[in-house]
Amino acid sequence: MSPASTGASTVVAAAPSAPVVDSRMAPGGPGYRRMSFALFLAGVATFALLYSTQALLPLISGEFGVAASEASWTVAAATGGLALFVLPMSALSERFGRRTVMTASLAVAVTVGLLVPFAPSLTALVVLRAVQGAALAGLPASATAYLAEEVTPKALVTAIGLFVAGNSVGGMSGRVITGWVAQEWGWRVAVGVIGAIAVACAVAFRALLPAPKHFATGSLRPRVLARTVRDHLANPLLRRLYAIGALFMTVFGGVYTVIGYRLTEAPFGLPQGIVGSIFLVYLVGTVSASTSGRLVGRLGRRGALYAAGGTTATGLLLSLADSLPLVLVGLVLITGGFFAGHAAASSAVSKTATRGRAQASALYQSAYYIGSSVGSSVGAMAFHAGGWSGTVTVGLLAVLGVVTITVFGTRAARVAARREPVAA
């Protein structure tokens, strides 16, 4: 007799629920290697183009008859253009997709890069560089937002570290290549070569980057964008991370804008090719950025920032010596500290923002490149006024700012922890 006819209840065993599978990319999984290499190439192209004139500033000064503070605008204009346009470009990526905006940005930037060698005057060169920086604004924030959406949380710091490592390789190769090419054929041919390399990177990037699977179209309405930006700026942790990124880049921008002038002058008197090769120390940045995930895992975010700040400050002090080996060691420490701090801060932004990640990353990138523009300009002015020690002083003040903000964040976290009710 059926249970229904006897009034007996029927107990139906619940089927075991299927485990939730995270379809996002992870190391060893499908697409991860292609994605990593594609964004690595995007990072190479971005930094190679953005700083293509930095190692050539003494030659640009010589051709146009201007001082370091004026020639430095070829760097400051590019980073300033990026800082101004990174937020609008991130909004476009919310509407049209990360991959689309990154592809369009690279296409415009490499086209301008092929025009830069033909600039007839310093003013024209600065304008072209500003346009190039504005075009590149679509890369940084869109890339970190793409990673936050398409990569598993455990792999996010490592993935962003690889993208930052691409930045370091681009910055290094751009400066080394331009140094040696310019020594033989002049700065115009040198920046043309960088433009051609960037074209190849852009084509490979578009061919390799997997189509996004977790992107959700956002709104382009100014009111929605303004509310998202306001919410991010109201977050104390995000504000601290933005300031830290700007201060780290102030150090880096100032040091690498001026170092060419210092090394071509007495007591070193190095030729342009050797000065360009000095930027091989960027390889240290490649390593420190790509291993930043492990550093954060061991020391925590704030511990990693303290370590990065201390390393950078030590490098600045060593670079004051009139000994080339000590200057090189100083540059190694500055570079390693900067890239470790930058990777730790930028990945923390992506983890902290639960919505509007592109805007959160864009605000970080905007602050970061404002720091680069300020560092390039103020570092060059300080060098003009007080020599290398003036540039180092600017850098040390910026590092002090990083440490002060991190100390404040540590205390704020402790106060918040004491206020949390103890679980019963």
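So, here's what we can say about the structure. (Residues numbered from 1 in each chain as written. Predicted model: local features only at pLDDT ≥ 70, side-chain atom pairs only at ≥ 80, totals over all residues. Heavy atoms only, no water.)

## A short note on the overall build of the chain
- From N to C terminus, the chain includes 18 helices and zero strands.
- Its C-alpha atoms give the chain a radius of gyration of 24 Å, within 12% of the compact-globule value 22 Å for 424 residues.
- Seen along its three principal axes, the alpha-carbon backbone of the chain occupies a region of about 105 × 45 × 40 Å.
- When contacts within the chain are restricted to residue pairs at least 6 apart in sequence, long-range pairs at least 24 apart make up 83% of them. (Helix = DSSP H or I, 4+ residues; strand = E, 2+ residues; numbered from the N terminus. Rg over C-alpha atoms; globule rule 2.2 N^0.38 Å. Contact = heavy atoms within 4.5 Å.)

## Overview of the pattern of salt bridges
- Summed over all chains, the structure comprises three salt bridges.
- Across the pair R98 and E149 runs a salt bridge, and its minimum N-O distance is 2.4 Å. On the criterion of sequence distance, the pair formed by R98 in helix α6 (residues 98–115) and E149 in helix α8 (residues 140–150) is long-range, its members being 51 residues apart. No difference in accessibility class separates R98 from E149, as the two residues are buried. (Salt bridge = Lys/Arg side-chain N within 4 Å of Asp/Glu carboxyl O. Buried < 20%, exposed > 50% of the residue type's maximum accessible area, 1.4 Å probe, protein only.)

## Digging into the environment of S142
- Position of S142 relative to the elements: it lies in helix α8.
- In the structure, S142 is positioned ten residues away from Q132 in sequence and 17 Å away in space, judged by C-alpha atoms.
- Setting aside chain neighbours within four positions, we find S142 in contact with S93, R98, V101 and M102.
- Of note is the side chain of S142, whose polar atom sits 2.9 Å from the backbone oxygen of G138. (Polar contact = N/O pair within 3.5 Å; in protein donor to acceptor, adjacent residues only side chain to side chain.)

## Considerations on unusual backbone geometry
- Residues A266 and P267 are joined by a peptide bond in cis, for which omega reads 5°.
- Relative to the elements of secondary structure, P267 occurs in the loop between α12 (236–264) and α13 (272–277).

## Topic: the environment of N235
- Here N235 lies in the loop between α11 (222–233) and α12.
- Given a relative accessible area of 24%, N235 falls into the partly exposed group.
- Separated by 118 residues in the primary sequence, N235 and A353 place their C-alpha atoms 9.3 Å from one another.

## Observations regarding the side chain of S347
- As for its position among the elements, S347 is in helix α16 (residues 324–352).
- By relative accessible area, which is 3% here, S347 ends up buried.
- In terms of polar contacts, S347 uses its side chain to reach the backbone carbonyl oxygen of A343, at 2.9 Å.

## Let's talk about the packing of helix α5 (residues 73–96) against helix α17 (residues 357–386)
- One way to put it is that α5 packs onto α17 with a least axis distance of 8 Å and a crossing angle of 175°. In terms of their interaxial angle, α5 and α17 are classed as roughly antiparallel.
- Considered class by class, the residues forming the contact of α5 with α17 number 13 nonpolar, eleven polar and two charged. (Axes fitted to C-alpha atoms, helices over the stretch in contact; angles between N-to-C directions. Parallel < 35°, antiparallel > 145°, perpendicular 65-115°, else oblique. Nonpolar A, V, L, I, M, F, W, Y, C, P; charged D, E, K, R; others polar.)

## Examining a nonpolar patch on the surface
- A contiguous nonpolar patch, built from I370, V374, V378 and M381 and spanning about 310 Å² of accessible area, is present on the exposed surface.
- Mapped onto the fold, M381 is located in helix α17.
- A residue is classified by how much of its surface remains accessible, and M381, at 47% relative accessible area, is partly exposed. (Patch = residues over 30% accessible without salt bridge, like charges linked within 9 Å, V, L, I, M, F, W, Y side chains within 5 Å. Areas by Shrake-Rupley, 256 points an atom, 1.4 Å probe, with all protein chains shown as cover.)

## Here we look at the packing of aromatic side chains
- All told, the structure shown has ten aromatic pairs when counted by the stated rule.
- Relative to F339, the ring of F338 has its centre 4.8 Å away and its plane inclined at 70°; by these criteria the two rings are edge-to-face. You'll find F338 and F339 in the same group, each marked buried.
- An angle of 20° between the planes, with centres 6.0 Å apart, marks the rings of Y364 and Y368 as stacked. Highlighted residues: Y364 and Y368, both in helix α17, separated by four residues, approximately one helical turn.
- Among the aromatic residues, ring-to-ring pairing joins F252, Y256, F338, F339, Y364, Y368 and Y369 into one connected group.
- Sitting above the plane of the F96 ring, R95 keeps its charged end 5.4 Å from the centroid. (Phe/Tyr/Trp six-rings, centres within 6.5 Å; stacked < 30°, edge-to-face > 60°. Lys NZ or Arg CZ within 6 Å of the ring centre and 35° of its normal.)

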